[in-house]
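Each chain, letter by letter, is given below.
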Amino acid sequence: MSASFQLRASSWMNAVNLRSVGLVVIFILGSPVSSMEVMVSHKLNALNGSTVRLGCAFTSCYKVDNNKFGMNWTYQSTYNDTEEMFMTYKHKMTALPTAQFEDRVKFSGNLEKNDVSVTISDVQTFDEGIYNCFVRNPPDRQQGHGVINLVVITEVPPPRDSTIAVIIGASVGGFLAVLILSMVVVKCIRRKKKQELISDEQKIEEECKTDGEGGTEEGPKHVYALPEDVY
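Residues numbered from 1 in each chain as written. Predicted model: local features only at pLDDT ≥ 70, side-chain atom pairs only at ≥ 80, totals over all residues. Heavy atoms only, no water.

A. Summary view of the state of the cysteines. Here the structure, examined in full by the defined rule, presents two disulfides. Disulfide partner of Cys56: Cys133, at an S-S distance of 2.2 Å. On the sign convention where negative is left-handed, the bridge of Cys56 and Cys133, at about -85° about the S-S bond, is left-handed. Taken together, the positions of Cys56 in strand E4 (residues 56-60) and Cys133 in strand E10 (residues 129-136) put the pair 77 residues apart, joining distant regions of the chain. The burial state of Cys56 is the same as that of Cys133; both residues are buried. The partner cysteine of Cys61 in its disulfide is Cys188, sulfur to sulfur 2.1 Å. Judged by the torsion about the S-S bond (-90°), the Cys61/Cys188 disulfide is left-handed. Within this pair, whereas Cys61 is found in the loop between E4 and strand E5 (70-77), its partner Cys188 is found in helix H2 (residues 163-214), the two being separated by 127 residues in sequence. Cys188 sits in the buried class, given a relative accessible area of 10%. Numbered by position along the chain, the disulfide-linked cysteines of the protein connect as 1-3, 2-4. (Disulfide = S-S within 2.5 Å. Helix = DSSP H or I, 4+ residues; strand = E, 2+ residues; numbered from the N terminus. Buried < 20%, exposed > 50% of the residue type's maximum accessible area, 1.4 Å probe, protein only.)

Rendered as structure tokens:
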């Protein structure tokens with residue numbers, strides 16, 4: 001593989017990844033923000049024989065507790081409906097042995113930064129398919145789910161000047177990422193205030209029930225004298 005071909009491939013992949021990030025951010029802004037959000041690039045192109053990173057990050061109102069946190073990566077071929085798990089987290093990150101990937105999959109994220117990405121080396125055409133990223137972060141009740149459609153290509157598209165598009169995509173993506181973070185923070189604050197309000201109302205209701213059951217005072221007793229007998 002020539003140096004010029006590798007340079008073209010690298011430039012093309014960087015441009016695609018930046019544009020994918022921008023599209024993901026726009027998609028998230030278009031959907032309602034909940035307590036658990038999973039962010040992925042819904043479609044990725046990988047050059048045959050290259051290394052591809054399947055990015056998966058999440059937002060949550062709660063910090064990650066290693067004893068409760070759970071994560072699974074699964075793969076589903078485009079030729080059948082069989083779903084195979086190849087990466088999981090239960091107290092620790094574990095790459096599961098599979099005939100599909102063998103030892104080509106590695107964890108490349110950072111759990112402290114809510115990043116559970118994985119990397120596949122020496123991508124082959126049979127790696128093409130659907131990749132699912134499942135995230136659980138109690139006490140969040142909702143499970144996060146991200147879907148990535150990986151397409152393996154054998155040739156790099158013709159080179160074109162995408163400098164302006166890359167600059168604009170990076171700038172807009174950075175701005176929208178900050179905006180999303182602000183929205184999540186506001187959502188978390190509102191959710192916690194609502195929970196505190198519900199707890200206060202329940203406390204007041206319980207106190208009222210207690211007063212009604214055990215604190216009832218007897219009213220004044222009236223004694224009526226019977227009329228005397230008249231002889």
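Further notes follow.
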